[in-house]
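Observations on chain architecture
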Amino acid sequence: MATHFLPGPRTQLPAPGEDPILDTAFTDRLLAAPAYLSATEVRTVTRDLQTVLALARSLPERLFDGSVAAMARGVGFEDRDAALIASAAAAGPLLPYARADLYHDGEHFRLLELNVTTALGGLEVARVNRALLRQEPLRAHVEARGLQFQDPVAALARTLVATCRSARDTPDPLFAVVDLAKNIPAGGGTLQGLTTLLEAEGVLGRACHPAELTYRGGHPYIDGRRVDGILRQFMLGDFSYPDLGDELTPVVRAVAAREVEMCSGLDAELYGSKGTLAVLSDNQHRQHFSVDELDCVDRFLPWTRYMRQHSTDPGGSGVNLVAYARARQDELVLKPTNLHGGQGVLLGWQTDPAEWLAHVERAVGGPYILQQRVRPSVEEYPADGPARNLVLNWGVFVAGETLAGPGGYAGCLIRAQEATDEGVISVGHGARLGCVFHESLT
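Below: a short report on this structure. Here the structure is a predicted model, which means the values were calculated and not measured.

Bringing helix H4 (residues 79-90) into the picture now. An α-helix turns once every 3.6 residues. As a result, residues three or four positions apart point the same way. End to end, H4 covers 16 Å across 12 residues, agreeing with the expected 16 Å (1.5 Å per residue, within 8%). Turning to H4, its buried residues number three or more, namely Asp81, Ala82, Leu84, Ile85 and Ala88. Burial along H4 is one-sided: seen end-on, the buried residues are contained in an arc of 160°. Away from its buried face, by an angle of more than 90 degrees, H4 presents the exposed residues Asp79 and Ala90. Downstream of H4 by one or two residues, Gly92 has phi in the positive range, about 155°.

On to the packing of helix H2 (residues 39-63) against helix H11 (residues 274-281), then. Running from N to C, H2 and H11 cross one another at 80°; their axes reach a closest spacing of 10 Å. The angle between the axes of H2 and H11 places the two elements in the roughly perpendicular class. Here Val52, Leu55, Ala56, Leu59 and Leu63 of H2 lie close against H11, whose contacting residues are Thr276, Leu277, Val279 and Leu280. Residues of the contact of H2 with H11, tallied by class, amount to 8 nonpolar, 1 polar and no charged.

Assignment of secondary structure puts Gln50 in helix H2. In terms of polar contacts, Gln50 uses its side chain to reach the backbone carbonyl oxygen of Gly407, at 3.0 Å. Beyond its immediate stretch of four places on either side in the chain, Gln50 contacts Ala399, Glu401, Gly407 and Gly408.

Ordered by their spatial adjacency, 4 strands build an open sheet running E5-E4-E9-E10, and the pairing between neighbours is parallel. Each having just a single partner strand, strand E5 (204-208) and strand E10 (261-263) make up the two edges of the open sheet. The mean angle between the axes of side-by-side strands here comes to 30°, regardless of whether they run parallel or antiparallel. Sheet analysis places strand E4 (residues 174-178) next to E5, joined by 5 bridges and oriented parallel. Across the sheet, Leu174 pairs through a bridge with Leu204, a residue of E5.

Counted under the stated rule, the structure contains 6 aromatic pairs. Between Phe5 and Tyr381, the ring centres sit 5.0 Å apart and the planes meet at 80°, which makes this aromatic pair edge-to-face. With Phe5 in the segment before helix H1 (20-26) and Tyr381 in strand E17 (residues 378-381), the pair connects residues that are 376 residues apart, well separated along the chain. Ring geometry for Phe109 versus Trp394: centroids 5.5 Å apart, planes at 85°, classification edge-to-face. With Phe109 in strand E3 (residues 109-116) and Trp394 in strand E18 (residues 388-398), this pair connects stretches of sequence that are 285 residues apart. Accessibility expressed as a relative area gives 9% for Phe109, which makes it buried. By relative accessible area, which is 1% here, Trp394 ends up buried. We note Arg145 situated over the ring of Tyr36; from NZ or CZ to the ring centre the distance is 4.6 Å. Cation over ring: Arg216 sits above Tyr221, and NZ or CZ is 4.2 Å from the ring centre.

Before going further, it helps to examine the nonpolar core. One finds Phe5, Leu49, Leu102, Leu111, Leu270, Phe300 and Trp394 to be the most contacted residues of the largest nonpolar core, which totals 78 residues. With 9 residues, H2 is the largest single contributor of residues to this core. Look past the residues within four positions of Leu111 in its chain and what remains in contact with it is Leu49, Val52, Ala100, Asp101, Leu102, Leu277, Phe300, Leu301 and Pro302. Counting 42 residues, the second largest nonpolar core, distinct from the first, contains Tyr36, Ala157, Ala162 and Leu403.

Scoring rules and cut-offs
- Residues numbered from 1 in each chain as written.
- Predicted model: local features only at pLDDT ≥ 70, side-chain atom pairs only at ≥ 80, totals over all residues.
- Heavy atoms only, no water.
- Helix = DSSP H or I, 4+ residues; strand = E, 2+ residues; numbered from the N terminus.
- Expected span 1.5 Å × (residues − 1).
- Buried < 20%, exposed > 50% of the residue type's maximum accessible area, 1.4 Å probe, protein only.
- Arc of directions from axis to C-beta.
- Axes fitted to C-alpha atoms, helices over the stretch in contact; angles between N-to-C directions.
- Parallel < 35°, antiparallel > 145°, perpendicular 65-115°, else oblique.
- Contact = heavy atoms within 4.5 Å.
- Nonpolar A, V, L, I, M, F, W, Y, C, P; charged D, E, K, R; others polar.
- Polar contact = N/O pair within 3.5 Å; in protein donor to acceptor, adjacent residues only side chain to side chain.
- Pairing = 2+ DSSP bridges.
- Phe/Tyr/Trp six-rings, centres within 6.5 Å; stacked < 30°, edge-to-face > 60°.
- Lys NZ or Arg CZ within 6 Å of the ring centre and 35° of its normal.
- Core = buried A, V, L, I, M, F, W, Y, C linked by side-chain atoms within 4.5 Å.

Read these as layout, nothing more, since geometry by itself doesn't imply function.
Quick look at the structure:
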């Protein structure tokens, strides 16, 4: 059995109180052994992710007559959200920052989801790398092999400054890290922790909710100081609630008027939609892609279809998608296009057939995709005592090539569950979290 875990004895996890940021973000869910990627794996998966990002961002021009709003509606966003996406796209170019969720199937990495936003979990993961490196023999092993790691926060800081162009000419620019007021009492430690991490990268940030911002001439201020850029932690879905939409409206207006710039604007969520992956996977669009692009799509993306009555199977033959889903239930996953964190995901192999069919039938014509099941390889976890077999969800961070490591690689987080658990691998389902080292990329 192959393993992506570094060999050696179990390392000692940081003690409670040793790192308050890790206490808040990772609590008691840390893995004591780090994972490992070869240089070839890092280069390949990063190149594939950059190809998918570039393809997604080119779809309005390739398939929707240049209309971002038309693409948004085409992949399942309601008219209001499509208008917000189009307005954000018109406010300035998007510098994508993303975390991909992937499985390794024993031969290749396969893309499950692409989260294109700055409201991402696991940004603190490099602190785990640093904490484990304070221990022997892991440090000696890492140094002897010349292993490295990337920090997602460092790439995020560079993306933030590059997006907010006016901040380049401002001494000590101030960035507002904005989340909804309802999220801050429960998650305030995480939000403040993010500002602390950014400050370590030379970026001055203030954690706040929208009502704490005031406006002069349309420009946002906080505590009497002008805000040079906004790093959002709220999501497009938050606009579904009228009171929250009212809270966010002044921020959106300021961004649309170019009074302030937002890192990873609301248009980013269009390119992270599962509906967008379905457009890329659907063979009716193959004539719009190059040979190299198709090679990436065929190898990297599992078969994914927008939930319509009629579509095509993996071989390109026309099928009734409901009948196809019923016949191949154990090999399929039903997902809402624009939810996150495993919300609403239905696994065919864990669902009663009658319930599965009912969900599939209700999903027809709605914002859902049907996706081929990807079976993750089983990894042997090195630990004191009996060996454990785990399956991993790899959270690979990427940013613009000049804003992160070689090729845009910006670090990696792993989530691990027992191999006997064939459900969604996520913190919400009990997964443990770990860090990743990689071979030198230079």
